[in-house]
Amino acid sequence: MTTDRTSGDAPPASPEEWRPSEHELARRAARSAQSRRGIAIAVTSSVVVIGALVAVVVTSSGWPVVRDTFFDVSYGRQVLPIIFDGFKLDLLLVAIASVCIAVLSMAVALVRTSRSPAAAPFRILATVYVDFFRGTPLILVILLIGFGVPALNLPTVSTLDVTVLGTAAIVLTYTGYVAEVIRSGILSVHPSQRAAARSLGLSNVQTMRHVVLPQGIRRVMPPLLNDFVSLLKDVGLVSILGVTEAIQQAQIETNKTFNYTPYVVAALLFLIVTIPLTRFTDRVLAKSIARQNAQGAA
Amino acid sequence: MTTATPLLELRGVRKSFGTELVLRDVDLVVPEHTVTVLIGASGSGKSTLLRCINQLELIDDGLVLFDGIDLADPRHDADEIRQRIGIVFQAFNLFPHMSVLDNITLAMRRVQKVPRAQAEATALDLLGRFSLADKAAQYPDRLSGGQQQRVAIVRALAVSPKLMLFDEVTSALDPVLVNEVLAVVRDLRQDGMTMVIATHEMGFATQVADEVVFLAGGVIVERGAPDHVIHAPRDPQTQDFLRRVHEAGRL
């Protein structure tokens, strides 16, 4: 152990000259064999499971009827433009609602997490608000606001279009959910981060804005996206007030012919938006995690 | 001191991150019951070398032989290997959502399937040995850095590893706390634990090392007994490094 051994006998090979040794090649072969086996298992099990599901559906006695009344391609093409018009209204409502929800829920979350004594009454109000709107079914809130507010015969508010009232109901409910998600993100940031920021002379607000929120929001991005996708679908509920968006439009078309293909068309339109959105957000998140964390195989 | 098969042997280990070559042709022999200390500037590859030993990093080439078995071979179960190699990190890496006792007993209970009562008895025994018995119910955030690092050492020891790796375990601690952690490592040496230690504490290295290895730019530049490498280095790079350490007042 105490003998001198220096490895400076031969000059080490430069990166360009390096050739993997035999045992490294054997390890690589073993690794790719493992991954080939993994892929083979994945493909086989997928084919078996999906094949079995398709087989069960297609061989069922009612399949020919279902195929004709739900998957009528030519009828689907025919109603697509009119349902798409309705879908554009859905997208517009989502765009407006999500901005309102983002602003309001951030405000509610900040009020609920603030510790200032002056904010105490607002904290209580915010808590009551969240309890009420998170605990009431969305469809009831839409009905109560959509039919209740016009019946009040208030000056401006009662003359608002049901589309506006329905969207307001959705905003009120979703603000309750999203505020709680944001609050949990804020609370998940370790107190030492706040201490570090305050010790640099940042004010409470600056600490929130530059240190706590960026970390907290990033951590709750998956649940926030979840809520966004959910919002995209729930916006269709304004149809119960008689707003002709995609689902209502599909219902109108279905009632004309008793063929349900328009519903499937509407479903596909929603999927075309939600699936890429989910994949995109997953990628953005994975990148930001990879950028901040150390490498490692474990 | 020397035995027939060394407990750990590295042959021609090579590791790169992207285009950056971090370790190049690293050979290391660690016989059982010996302590090998890795020294070198930050970024010289000490930490990467330790992480390559317990397969937290995959190596590009070379052999990592533990009891004569190549750990880098994907046909071995890495989880099974890691049970026999404990590692202690610079940043403690305790689980903040678990009490000290749960941190220590987790692997015993979940991996080794030791009954909870028995695992806790073992943990309390170890905690007592390192004068931490009163901290068993605390959460890591409530402890001082030195206490946290000692808990991390106990956690690694709890699964009875045959080899312990220490990755600059005192770098995040003040001098008083450094001593309380290093005392633990000295105790382990007395017990005959085989260890590979990356450190900047040259005095400590002199005391515990059977072999000191100086790394620079991912290559082993000089190695030998501490008296030779630390107090009478021959390679100009080692001399330069130790002079700078000396100027920084750490020798």
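**Section: the overall build of chain B**
- Helices and strands together make up the secondary structure of chain B, namely 9 helices and 10 strands.
- The buried share among the 251 residues of chain B stands at 46%.
- A fraction of 65% describes how many contacts in chain B between residues 6 or more apart in sequence connect residues 24 or more apart.

**A few points about the environment of A:Ile252**
Residues and elements named next belong to chain A.
- Here Ile-252 is to be found in helix α10 (residues 246-257).
- Of the residues examined, Ile-252 has 16 C-beta atoms within 10 Å and is grouped as partly exposed.
- Each C-alpha atom of the pair Ile-252 and Pro-262 lies 9.0 Å from the other, and the pair is 10 residues apart in sequence.

**A short note on the sheet that holds strand β4 (residues 61-66) of chain B**
All names here are of chain B.
- Spatial ordering of the open sheet is given by β2-β1-β4-β5, a layout of 4 strands whose pairing is antiparallel. Every other strand in the sheet has two partners, leaving β2 (20-30) and β5 (69-70) as the edge strands with one partner each.
- Bridging between strand β1 (residues 8-17) and β4 involves 5 bridges; their strand directions are antiparallel. By the bridge assignment, Arg-11 is partnered in β4 with Leu-63.
- Running over the sheet, helix α1 (residues 46-53) touches β1, β2 and β4 and is turned about 65° from β2.

**Quick notes on the pairing of strand β9 (residues 211-216) of chain B**
Residues and elements named next belong to chain B.
- Summarising burial for β9: 5 of the 6 residues are buried, a large majority.
- As defined by bridge partners, strand β3 (residues 35-39) adjoins β9 across 4 bridges and the pair is classed as parallel. Note that in β9 the partner of Thr-36 across the bridge is Glu-211.
- Two elements, β9 and strand β10 (residues 219-224), share 5 bridges in a ladder whose sense is antiparallel. If you follow Ala-216 over to β10, its bridge partner there is Val-219.
- Following β9, the chain reverses through 2 residues before pairing antiparallel with β10; Gly-217 in that reversal takes a positive phi of roughly 55°.

**Things to note about helix α3 (residues 73-113) of chain A**
- Over its 41 residues, α3(A) runs only 53 Å from end to end, short of the ideal 60 Å by more than 12%, given 1.5 Å per residue.
- When the local axis directions of α3(A) are compared, the greatest deviation, roughly 45°, occurs at A:Leu80, which is followed within four positions by the proline A:Pro81.

**A closer look at unusual backbone geometry**
- One non-glycine residue, A:Phe258, adopts positive backbone phi at about 55°.
- Within the element layout of this structure, A:Phe258 appears in the loop between α10 and α11 (261-292).
- At B:Ser131, a position not held by glycine, the phi torsion is positive, near 45°.
- On the secondary structure map, B:Ser131 appears in the loop between α4 (116-129) and α5 (145-157).

**Here we look at the environment of B:Asp60**
Residue and element names in this part refer to chain B.
- Position of Asp-60 among the secondary structure elements: in the loop between α1 and β4.
- The buried category is assigned to Asp-60, around which 20 C-beta atoms lie within 10 Å.
- Along the backbone, Asp-60 and Ser-16 are 44 residues apart, and their C-alpha atoms lie at a distance of 6.9 Å.
- Each residue touching Asp-60, except ones within four places of it in the same chain, is listed here: Arg-14, Lys-15 and Ser-16.

**Describing the packing of α3(A) against helix α9 (residues 221-234) of chain A**
All names here are of chain A.
- Where α3 contacts α9, the axes come no closer than 9 Å and their chain directions differ by 135°. With respect to their mutual orientation, α3 and α9 come out oblique. In the crossing of α3 with α9, the sense of the turn from one axis to the other is right-handed. Between α3 and α9, the residues in contact are Val-94, Ala-97 and Ser-98 and Phe-228, Leu-231 and Leu-232, respectively.
- A per-class count over the contact of α3 with α9 returns 5 nonpolar, 1 polar and no charged.

**Let's talk about the pairing of strand β6 (residues 85-88) of chain B**
Residues and elements named next belong to chain B.
- Residues Ile-85 and Ile-87 point to one face of β6 and Gly-86 and Val-88 to the other, with burial holding for every one of them.
- Two elements, β6 and strand β7 (residues 163-167), share 4 bridges in a ladder whose sense is parallel. Bridge pairing in β7 links Ile-87 to Leu-165.

**Notes on the sheet that holds β3(B)**
Residue and element names in this part refer to chain B.
- Taken in spatial order, the 6 strands of this open sheet run β6-β7-β8-β3-β9-β10, and their pairing is mixed. Bordering the open sheet on either side are β6 and β10, each of which pairs with just one other strand. Strand-to-strand twist across the sheet, computed as the mean angle between neighbouring axes with direction ignored, equals 15°.
- The sheet strands contacting α1 are β3, β6, β7, β8 (194-198) and β9, and the helix crosses β8 at an angle near 145°.

**Quick look at the confidence of the model for chain B**
Residue and element names in this part refer to chain B.
- When the pLDDT values of chain B are averaged, the result is 90; 98% of them are 70 or greater.
- Per-element averaging of pLDDT across chain B places helix α2 (residues 78-82) at the bottom with 79 and β8 at the top with 96.
- Here the predicted complex carries an ipTM of 0.73, next to a pTM of 0.74.

**A look at the confidence of the model for chain A**
Residue and element names in this part refer to chain A.
- On average, residues of chain A score 87 in pLDDT, and 93% of them are at 70 or above.
- Of all secondary-structure elements in chain A, the lowest mean pLDDT belongs to α11, at 86, while helix α6 (residues 162-188) reaches the highest, 94.
- pLDDT under 50 marks residues 1-12. Its contacts with residues more than four places away, or in other chains, come to 18 contacts.

**Remarks on the packing of α6(A) against α9(A)**
Residues and elements named next belong to chain A.
- The contact between α6 and α9 brings their axes to 10 Å, and the two run at 170°. Relative to α9, the element α6 lies roughly antiparallel. α6 and α9 meet at a crossing whose hand is right-handed. Contacts between α6 and α9 involve Ile-170, Tyr-174, Tyr-177, Val-178 and Val-181 on the former and, on the latter, Pro-223, Leu-224, Asp-227, Leu-231 and Asp-234.
- Of the residues that constitute the contact of α6 with α9, the class distribution is 8 nonpolar, no polar and 2 charged.

**Remarks on the environment of B:Gln147**
Residues and elements named next belong to chain B.
- Within the secondary structure, Gln-147 sits in helix α5.
- Between the C-alpha atoms of Gln-147 and Arg-223, which are 76 residues apart in sequence, the distance is 32 Å.
- Excluding residues that lie within four positions of it along the chain, Gln-147 makes contacts with Leu-132 and Lys-135.

**Quick look at helix α1 (residues 22-58) of chain A**
- With 37 residues, α1(A) should reach 54 Å at 1.5 Å per residue; the first-to-last C-alpha distance of 53 Å fits that figure.
- The buried fraction of α1(A) is low, at 1 of 37 residues.

How each quantity is defined
- Residues numbered from 1 in each chain as written.
- Chains lettered and ligands numbered in written order.
- Predicted model: local features only at pLDDT ≥ 70, side-chain atom pairs only at ≥ 80, totals over all residues.
- Helix = DSSP H or I, 4+ residues; strand = E, 2+ residues; numbered from the N terminus.
- Buried ≥ 20, exposed ≤ 12 C-beta atoms within 10 Å, placed from the backbone.
- Contact = placed C-beta atoms within 7 Å.
- Pairing = 2+ DSSP bridges.
- Axes fitted to C-alpha atoms, helices over the stretch in contact; angles between N-to-C directions.
- Expected span 1.5 Å × (residues − 1).
- Bend = angle between axes of the 7 residues up to and from the residue.
- Parallel < 35°, antiparallel > 145°, perpendicular 65-115°, else oblique.
- Left-handed = near helix turned anticlockwise from the far one by under 90°.
- Nonpolar A, V, L, I, M, F, W, Y, C, P; charged D, E, K, R; others polar.
- pLDDT = per-residue confidence, 0-100.

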